[in-house]
Amino acid sequence: MAPRLKLFEWWAKDTSKGTPVIVKMENPNFSIVEIAGPDAAFKPVEKNRLKNAKQVRWVLLLKANRAAGFVSRIGAVVWGLLGAIKKRLVQREGVAVASEKLVKGKLMLRIIKLLLMVSLATLGFELLAYLEGWHYYFDNPNLYIPRSTDIQGFVHVIYVGWLDFRGRYIAPFVQSLSMFCIVLFIIQSLDRLTLCLGCLYIKLKKIKPTFDEHQFQLNDSEKLLDNYPFVLVQIPMCNEREVYEISISAVCQLDWPKERLLIQVLDDSDDESIQRLIKGEVCKWNQKGINIVYRHRLIRTGYKAGNLKSAMGCDYVKDYEFVAIFDADFQPSPDFLKKTVPHFKDNPEVGLVQARWAFVNKDENLLTRLQNINLCFHFEVEQQVNGVFLNFFGFNGTAGVWRIKALEDSGGWLERTTVEDMDIAVRAHLNGWKFVYLNDVKVLCEVPESFEAYRKQQHRWHSGPMQLFRLCLPAVIKSKVHSSIILQSLFVVLNSLITENLLQISIWKKANLIFLFFLLRKLILPFYSFTLFCIVLPLTMFIPEAKLPMWVLCYVPITMTFLNVVPSPESIPFIAPYLLFENTMSVTKFNAMVSGLFQLGSSYEWTVTKKAGRSSESDLMAISERDTKALILPHVMSENGLSDLKGRKLKPLKKTNKIYRKELALAFLLLTASLRSLLSAHGLHFYFLLFQGFTFLLVGLDIIGQQIS
């Protein structure tokens with residue numbers, strides 16, 4: 001339709017109506033229109049009249065097309081998932097079953113399988129009762145007592161006996177276990193809420209460590225070099241083919257006088273080709289004038305702790321005042337030392353300055369996004385609150401600067417646990433050293449991109465603290481109270497974990513170490529999370545006498561999950577997957593906690609976390625390029641020079657996946673419980689169990705993340 005022009009309106013008012021005419025448009029795309037007069041041709045037309053049948057039909061077709069596209073995408077996802085299940089679970093193509101090295105792990109798998117078989121049998125029995133109509137008057141045995149005339153046969157007798165046995169013996173135990181877990185759940189939720197309130201207070205008050213920003217803004221004259229302390233930088237690594245070049249390059253570009261900086265590359269690799277690669281990189285930077293040395297241990301004992309302990313035994317270390325530690329995938333910014341070392345000046349009681357981690361591959365897949373939520377809360381809330389209010393937190397093992405005197409006074413690095421960073425932090429804390437956490441100083445690093453690597457990392461992070469707890473608990477409990485002076489009545493005398501010197505520490509420190517640092521955050525959290533949501537909840541579906549309150553199942557977990565996600569606002573859309581995935585990981589964490597607490601075999605197992613070699617967020621294709629090209633490996637005869645020898649090609653990486661039997665067994669257990677909840681018309685329980693079982697299925701089939709070997 002041609003546009004209506006307002007300039008004709010004044011002409012129509014003064015002109016009388018003429019006879020009807022027929023106007024034929026020259027453009028063939030327009031139709032013939034009969035005009036009764038100027039008013040009929042140019043008066044406003046209602047919008048509703050424009051929506052003729054053809055327009056409505058096109059709008060409906062467009063909406064239908066969008067709906068069909070959405071359904072097709074959902075169908076493609078479901079079909080792909082079913083194909084992955086068939087390929088991995090039935091055909092076993094490109095997968096391997098994860099081995100259970102521990103007797104405890106095999107025992108847990110047997111228990112879960114037993115619960116699954118019992119639940120399937122019970123579900124079949126309950127389904128039969130539902131079809132026969134028995135469930136209506138047996139739903140609540142407290143309101144109805146069956147009479148002999150109600151018995152309808154042998155199967156009915158068995159069902160009545162099952163109800164009686166369930167109500168007398170099983171339900172009280174399950175209810176007591178659920179109440180115990182609920183109490184632990186409330187305590188842990190209050191701790192989490194307290195941490196969040198503390199973080200909010202820090203944000204409102206704008207509290208953060210400060211230092212003199214101008215003390216290092218000086219000319220590099222020999223006279224002013226005295227303002228720069230001697231700093232030792234250590235890069236421990238083991239078979240880090242993907243990331244050795246990135247970390248060495250970043251550390252060699254630190255903005256610090258060369259005369260006051262020494263870099264130690266501590267290589268524990270057992271692959272000679274990787275050793276030659278690292279030696280070549282060290283020599284390249286050495287030729288550029290960087291003070292960097294390569295160290296390789298012939299006897300590789302003690303894992304990372306043994307590596308660091310060996311390096312600290314060098315004679316030249318006594319000339320250095322501070323030591324900065326970076327794992328092989330960490331990339332400090334050039335001004336890292338200028339932002340951390342000044343916090344030691346005029347603070348002789350400060351023993352550690354810890355920086356925050358930032359992740360270059362946090363958006364790689366769903367697994368990395370969920371890890372980013374956890375670690376952002378750890379650094380933004382836990383580390384910051386503990387650093388501000390307690391001057392103590394667990395050393396993260398990397399991206400930190402230690403005062404060497406604090407390490408020596410606390411006994412140095414020990415090889416007794418797989419969490420040497422937490423071990424030295426606890427001993428330094430008991431020796432009176434204070435810690436400073438810098439939330440605004442970030443160091444780039446990677447998070448595991450495959451579930452296998454993440455699972456092994458979490459096992460080490462949760463078994464190690466329990467090993468340390470066993471070693472610390474007797475000394476802390478047996479410590480004596482020093483009450484000679486009233487003002488010192490709150491202090492206790494504690495034998496150091498290394499030396500026999502008597503140290504005065506407050507009762508608050510003892511309570512913080514035992515209850516908050518170890519029991520609540522390392523033991524109670526994985527225990528109640530696994531027991532409550534993976535065992536007790538599905539059992540309550542088959543034992544209706546034992547019930548879980550709705551706020552335990554829904555309101556409090558969602559609130560706590562939201563608090564966890566707040567430090568990383570871009571992850572808010574992943575609240576539901578994060579809640580389900582954390583419940584799924586409780587199996588691994590619970591198993592690790594038990595193995596560490598009872599000193600089982602794998603609690604002392606150290607597995608290097610696999611890296612992808614991301615140097616930045618835009619470098620997501622670096623690993624594929626690295627896999628396709630041939631690398632020439634220079635052979636180095638000594639630490640001071642390179643010799644021309646032949647190289648060889650590295651084998652390309654192969655992708656593989658694993659099947660995790662405990663997670664799969666729990667998936668079927670939860671899905672069975674969700675079917676049972678349908679019989680009782682438990683709407684929320686059904687959806688929670690359904691989605692939680694589906695999450696266990698994804699994890700058990702290793703569909704989440706990407707496995708690289």
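What counts and what doesn't
Residues numbered from 1 in each chain as written. Predicted model: local features only at pLDDT ≥ 70, side-chain atom pairs only at ≥ 80, totals over all residues. Heavy atoms only, no water. Buried < 20%, exposed > 50% of the residue type's maximum accessible area, 1.4 Å probe, protein only. Helix = DSSP H or I, 4+ residues; strand = E, 2+ residues; numbered from the N terminus. Salt bridge = Lys/Arg side-chain N within 4 Å of Asp/Glu carboxyl O. Pairing = 2+ DSSP bridges. Axes fitted to C-alpha atoms, helices over the stretch in contact; angles between N-to-C directions. pLDDT = per-residue confidence, 0-100. Contact = heavy atoms within 4.5 Å. Core = buried A, V, L, I, M, F, W, Y, C linked by side-chain atoms within 4.5 Å. Parallel < 35°, antiparallel > 145°, perpendicular 65-115°, else oblique. Left-handed = near helix turned anticlockwise from the far one by under 90°. Nonpolar A, V, L, I, M, F, W, Y, C, P; charged D, E, K, R; others polar. Phe/Tyr/Trp six-rings, centres within 6.5 Å; stacked < 30°, edge-to-face > 60°. Lys NZ or Arg CZ within 6 Å of the ring centre and 35° of its normal. Expected span 1.5 Å × (residues − 1).

Enquirer: Help me understand helix 14 (residues 420-430), please; the structure alone is not making it clear to me.
Expert: Residues lying three or four places apart along an α-helix face the same way, a consequence of the helix completing one turn every 3.6 residues. For helix 14, the buried fraction is high: 11 of the 11 residues fall into the buried class. Restricting attention to buried positions, one finds in helix 14 the residues Glu420, Asp421, Met422, Asp423, Ile424, Ala425, Val426, Arg427, Ala428, His429 and Leu430. Looking one or two residues beyond helix 14, the residue adopting positive phi is Gly432, at roughly 95°.

Enquirer: Would you mind showing me how to read the pattern of salt bridges here?
Expert: Pairing is possible between side chains of opposite charge, provided their charged atoms come close. Applying the stated criterion to the full structure yields 23 salt bridges. The closest approach of N and O atoms between Lys208 and Asp440, which form a salt bridge, is 3.7 Å. Taken together, the residues Lys208 in the loop between helix 7 (154-205) and strand 4 (231-237) and Asp440 in strand 10 (residues 434-445) connect sequence positions 232 residues apart. Across the pair Lys589 and Glu582 runs a salt bridge whose closest N-O atoms are separated by 3.2 Å. Taken individually, Lys589 and Glu582 each receive the classification buried, so the pair is uniform in this respect.

Enquirer: How should I be thinking about the sheet that holds strand 6 (residues 292-296) in this particular structure?
Expert: The pairing of strands in a sheet comes from backbone hydrogen bonds and takes either a parallel or an antiparallel form. Within the open sheet, the 7 strands sit side by side as 6-5-4-7-9-8-10. Their pairing is mixed. In this open sheet, the two edge strands, each paired with only one partner strand, are strand 6 and strand 10. Strand-to-strand twist in this sheet, taken as the mean axis angle between neighbours without regard to direction, amounts to 20°. As paired elements, strand 8 (residues 350-359) and strand 9 (residues 400-403) share 3 bridges and run antiparallel to each other. Within strand 9, the residue paired with Val353 across the bridge is Val401.

Enquirer: Explain the confidence of the model for the protein to me, please; I cannot follow it from the model alone.
Expert: Low pLDDT means the predicted atomic positions in that stretch should not be read closely. Residues with a pLDDT of 70 or more make up 74% of the protein, whose mean pLDDT is 79. Counting interchain partners and residues more than four positions distant, the pLDDT-below-50 stretch residues 1-17 has 10 contacts. Contacts for the low-pLDDT stretch residues 616-650, under 50 throughout, to residues beyond four places or in other chains number 58 contacts.

Enquirer: Please clarify how the nonpolar core should be interpreted in this entry.
Expert: Taken as a class, soluble globular proteins show a tendency for nonpolar side chains to be buried jointly. In this structure, Ile248, Trp402 and Val426 are the most contacted members of the largest nonpolar core, which totals 134 residues. The biggest single contributor to this core is helix 16 (residues 507-542), with 17 residues. Contact partners of Ile248, with chain neighbours within four places excluded, come to Ile235, Met237, Val265, Ile278, Glu281, Val282, Trp285 and Ile292. Formed by 13 residues, the second largest nonpolar core is a distinct cluster that contains Tyr454, Met585, Tyr660 and Ile704.

Enquirer: It is not clear to me how the packing of helix 8 (residues 244-252) against helix 9 (residues 272-287) should be interpreted in this structure. Could you clarify?
Expert: Orientation of helix 8 relative to helix 9, taken along the N-to-C sense of each, is 20°, at an axis distance of 10 Å. Between helix 8 and helix 9, the interaxial angle falls into the category roughly parallel. As helix 8 runs across helix 9, the sense of the crossing is right-handed. Residues Tyr244, Glu245, Ile248, Ser249 and Cys252 of helix 8 lie in contact with helix 9, whose contacting residues are Leu277, Ile278, Glu281, Val282, Lys284 and Trp285. Here the residues of the contact of helix 8 with helix 9 are counted per class, giving 7 nonpolar, 1 polar and 3 charged.

Enquirer: Got a minute to help me understand the side chain of Asn396 in this structure?
Expert: Looking at the element boundaries, Asn396 is found in the loop between helix 12 (366-389) and strand 9. Not counting chain neighbours up to four residues away, the residues in contact with Asn396 comprise Gln354, Trp357, His378, Phe379, Gln383 and Asp421.

Enquirer: I would appreciate a short explanation of the packing of aromatic side chains in the present structure.
Expert: Here a ring pair, both rings aromatic, is described through the centre-centre distance and the interplanar angle of the planes. Per the counting criterion, the structure on display carries 26 aromatic pairs. When the ring of Phe185 is compared with that of Phe533, the centres are 6.1 Å apart and the planes differ by 90°; the resulting orientation is edge-to-face. Remark: Phe533 occurs in helix 16 and Phe185 occurs in helix 7; sequence separation between them is 348 residues. Centre to centre, the rings of Phe330 and Trp357 are 5.1 Å apart; their planes meet at 75°, and the pair counts as edge-to-face. You can see Phe330 sitting in the loop between strand 7 (322-325) and helix 11 (336-340) and its partner Trp357 sitting in strand 8, a full 27 residues away along the chain. Each member of the pair Phe330 and Trp357 is classed as buried. What links up through ring pairs into an aromatic cluster is the set Phe330, Trp357, Phe379, Phe392, Phe393, Phe395, Trp402, Phe435, Tyr437, Phe469, Phe517 and Phe518. Over the ring of Trp285 we find Lys288, and its NZ or CZ is 4.3 Å from the ring centre. In this arrangement the basic side chain of Lys522 is found over the ring face of Phe517, its NZ or CZ atom lying 5.8 Å from the centre.

Enquirer: Teacher, can you tell me more about helix 21 (residues 683-700) here?
Expert: The terminal C-alpha atoms of helix 21, which comprises 18 residues, lie 26 Å apart, in line with the 26 Å expected from a rise of 1.5 Å per residue. Buried within helix 21 we find His685, Phe686, Phe688, Leu689, Gln692, Gly693, Thr695, Phe696, Leu697, Val699 and Gly700. At the C-terminal side of helix 21, Asp702 shows a positive phi close to 60°.

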